[in-house]
Every structure is written in C-alpha cells, then in structure tokens.
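So you can see what is in the structure, the chains are spelled out below.
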Amino acid sequence: MSDLKNPLTQYFHDEFPEQYQEPPGLQGQMNPLPDCGEKSYKGSGKLNGRKALVTGGDSGIGRAAAIAYAREGADVAINYLPVEEPDAEEVKNLIEAEGQKAVLIPGDLSDETFCKDLVEKANAELGGLDILALVAGKQQAVENIADLSTEQIEKTFAINVFSLYWVVKAALPHLPEGASIITTSSVEGYNPSPMLLDYAVTKKAIIGFTQALGGQLASKGIRVNSVAPGPFWTPLQISGGQPSENIPKFGKSTPPTPQKRAGQPVELAGIYVFLASEAASYVTGQVYSATGGTVTA
Ligand code: NAD
Ligand code: MG
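Bear in mind the structure is a predicted one, so any value in this text is a computation, not a measurement. (Residues numbered from 1 in each chain as written. Chains lettered and ligands numbered in written order. Predicted model: local features only at pLDDT ≥ 70, side-chain atom pairs only at ≥ 80, totals over all residues. Heavy atoms only, no water.)

Remarks on the site of ligand 1
Taken together, the neighbourhood of ligand 1 is formed by 29 residues, with Ser59, Glu84, Tyr199, Thr234 and Gln237 sitting nearest. Measuring from an oxygen atom of ligand 1, one finds a backbone N or O atom of Val135 at 2.8 Å. For ligand 1, whose accessible area on its own is 800 Å², the fraction buried by protein is 97%. For the shell around ligand 1, the class distribution of residues is 13 nonpolar, twelve polar and four charged. (Near = heavy atom within 4 Å. Polar contact = N/O pair within 3.5 Å; in protein donor to acceptor, adjacent residues only side chain to side chain. Areas by Shrake-Rupley, 256 points an atom, 1.4 Å probe, with all protein chains shown as cover. Nonpolar A, V, L, I, M, F, W, Y, C, P; charged D, E, K, R; others polar.)

Right under this line is the structure:
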C-alpha cells in the first residue's frame, strides 16, 4: 500500500502566526517549529564514513543537511554563531543519537581568520573532511537603498560570499578526490526582491562562484554545486529576512509560489545528500532549485 502524499498538504500550509526575533533568531522559539527532519528523515547509508562540515548547521536548512548527513552515516561538524548554542546543542544530540561524531564550532564567518580556524578544527576533530555544505547566510530586508547601511552591505557580502572563498581556500589542501562542495544560493539569485538589494546580489554571486569553482576544481576530482531554495520556514525569515507583516502568508503570497506554501527545511535534505553523494558523480558547477514551483532560469 503506497503512502503517497499530496505535496500541497504534506507539510504546514496554513498561515503562520506573525512573529519576530532579533537576528540570527533561535529555531527553538519559532511557532510552528520548522521541520528539519528531526523525526522524519530516514537514511540509507548513502554517506557512510564521510566527514562533513556544515555552516549554519544549528537551524533551518543547515540543520536539515546536518541531520540527514548523520543519518546517512557521516560524521558532522557544524558552525553557527555563539548565541545559537541552544539550537546547536539540539543538533549535536540528534547527530550523536545516530552513533555519529558531532563537533560544535561556534564563530563568526565574516572573520577570515576564524574561517581558517574553523576548517582546521573541523578537519582535525573529524580526522578529515570530504563534504563542505556552506549554508550560513545573512538576510535583512530594507525597502529603500537610502536606508541600506554600508555596514549591512559589507556584512552581508562577507558572510554570504567572502566566507566561501576563505573556507574553500583553507579546506582545499584537506579535500580528497571525490569530495563535494555545496553552496546555498536562492531563488533571489534569479528573481531579486526589491527589498533584498544586498542579499539578492550575494545570492547571484554565489551562483557565479559555484559555476566558476566547479570548472576550476573538476580536474581535481572535486565537485561544486549549489542549492537554490525558494521561501523556507526558518529563523532567517522571522528575524528581519522578511518584514513581519509578510510572515503570515509567507510562501503563499509573500512571495507567491505555485504550491502556495512555504517549504520546510527537510524538503531540501535529499538534495544536499544527493549532491554530496557519489550518485551525483557527473554533476558539477550546477544549481539545483527547490522553490515551490517558481521558475528559476
Ligand atoms: P537559518 O537562520 O536557520 O540559517 C542561517 C544561519 O546562518 C544561522 O543559523 C547562523 O548560524 C548562520 N550565520 C549567520 N550569520 C553568521 C555569521 N556571521 N557567522 C557564522 N554563521 C552565521 O536560516 P536558513 O533559511 O536555513 O538559511 C540558510 C541558508 O539558506 C542561507 O544561506 C539563506 O540565504 C539560504 N536561503 C534561505 C531561504 C529561506 O527562505 N529560508 C531561501 C533561499 C536561500
Ligand atoms: Mg540559526
């Protein structure tokens, strides 16, 4: 008997309660809680023995990747900001419940020195590194360019774009043939929202970074791909990523999606797993969209 589900109603598809937290926000305080696969993701040994570093691994999309990687047999190090420790501790417990090693490395990715330390520590504590899932990001909506501060522009570019160069440069000497690098772009990298003038441009930049680095590292046997999510229910969105009045209809009409609901992070888990795994051996320099039907081209 098949338990086939309708994707329109498979996950939360009601209106969300309006809510706001100071950035970066804690997943544990969201209502409803995002579904990162804590109860639902089932592994089948696709990443046995692999060693993954996941940035933004405490919450949202990064948490979904971290849980899935552990359930597929990988040891996992996660990075996040120190204020996110409660979310990170939950992820550590979930990884360890699978019998996998969990390494917590808090710190600020907008600092190049920290990016190098992060990679060295992850490599040392995991005993190697062969998956980089670069998921961390900053998004703050600002309606008018006149109100967009240089500080915000610089921080958004540092976290979303510059840290990718710093982490990959540090990791490259450790990455073996067969390793996989996965960045996180966005539907915003194709259809920029007027209120995300800094963020959307970083997401376009990440697509270019992924395509160029994919070409550069192909001959080393290292693959580089990106995931482009549409609207997903995560702390990023309720901590200034959207104006608070957009939260109730987030994913239905603010922004609109053909599937008329926000995605849940677990709906990206299989994509982060696929791109990391040997099943994606001929896939590099590509962007994989999961947008609820919004066209990305
Ligand atoms: P999230 O808030 O759960 O994750 C973002 C993470 O970024 C935070 O948990 C935090 O640990 C990390 N971070 C932010 N600033 C940092 C810094 N200075 N140093 C280190 N870490 C820092 O939200 P999410 O939606 O899961 O975001 C993950 C990625 O997905 C981001 O790159 C975001 O741009 C992208 N994305 C999200 C959506 C969406 O609708 N939620 C859509 C498209 C793309
Ligand atoms: Mg977080």
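So that's the structure; there's more coming.
Side note on unusual backbone geometry
Across residues other than glycine, the phi torsion is negative in most instances, and most of the peptide bonds are trans. That bond from Pro23 to Pro24 is cis: its omega, 10°, falls within 30 degrees of zero. Within the fold, Pro24 resides in the segment before strand E1 (51-55). Between Thr254 and Pro255 the backbone carries a cis peptide bond, its omega angle lying at 0°. In this structure, Pro255 sits in the loop between helix H6 (235-241) and helix H7 (266-276). Here the phi dihedral of Lys260 falls at roughly 55°; this positive angle occurs in a residue that is not glycine. Following the sequence through the fold, Lys260 ends up in the loop between H6 and H7. (Helix = DSSP H or I, 4+ residues; strand = E, 2+ residues; numbered from the N terminus.)

Examining the sheet that holds strand E5 (residues 180-184)
Across the sheet, which stays open at both edges, the seven strands sit in the order E3-E2-E1-E4-E5-E6-E7 with parallel pairing between neighbours. For this open sheet the edge positions go to strand E3 (102-106) and strand E7 (286-290), each flanked by a neighbour on one side alone. Adjacent strand axes in the sheet meet at a mean angle of 15°, parallel and antiparallel pairs treated alike. Pairing of E1 with strand E2 (residues 75-80), which is carried by five bridges, proceeds in the parallel orientation. Its bridge partner being in E2, Leu53 is matched across the sheet by Ala77. Taken strand by strand, helix H1 (residues 60-71) contacts E1, E2, strand E4 (131-134), E5 and strand E6 (223-229), and its axis lies near 170° from that of E1. (Pairing = 2+ DSSP bridges. Axes fitted to C-alpha atoms, helices over the stretch in contact; angles between N-to-C directions. Contact = heavy atoms within 4.5 Å.)

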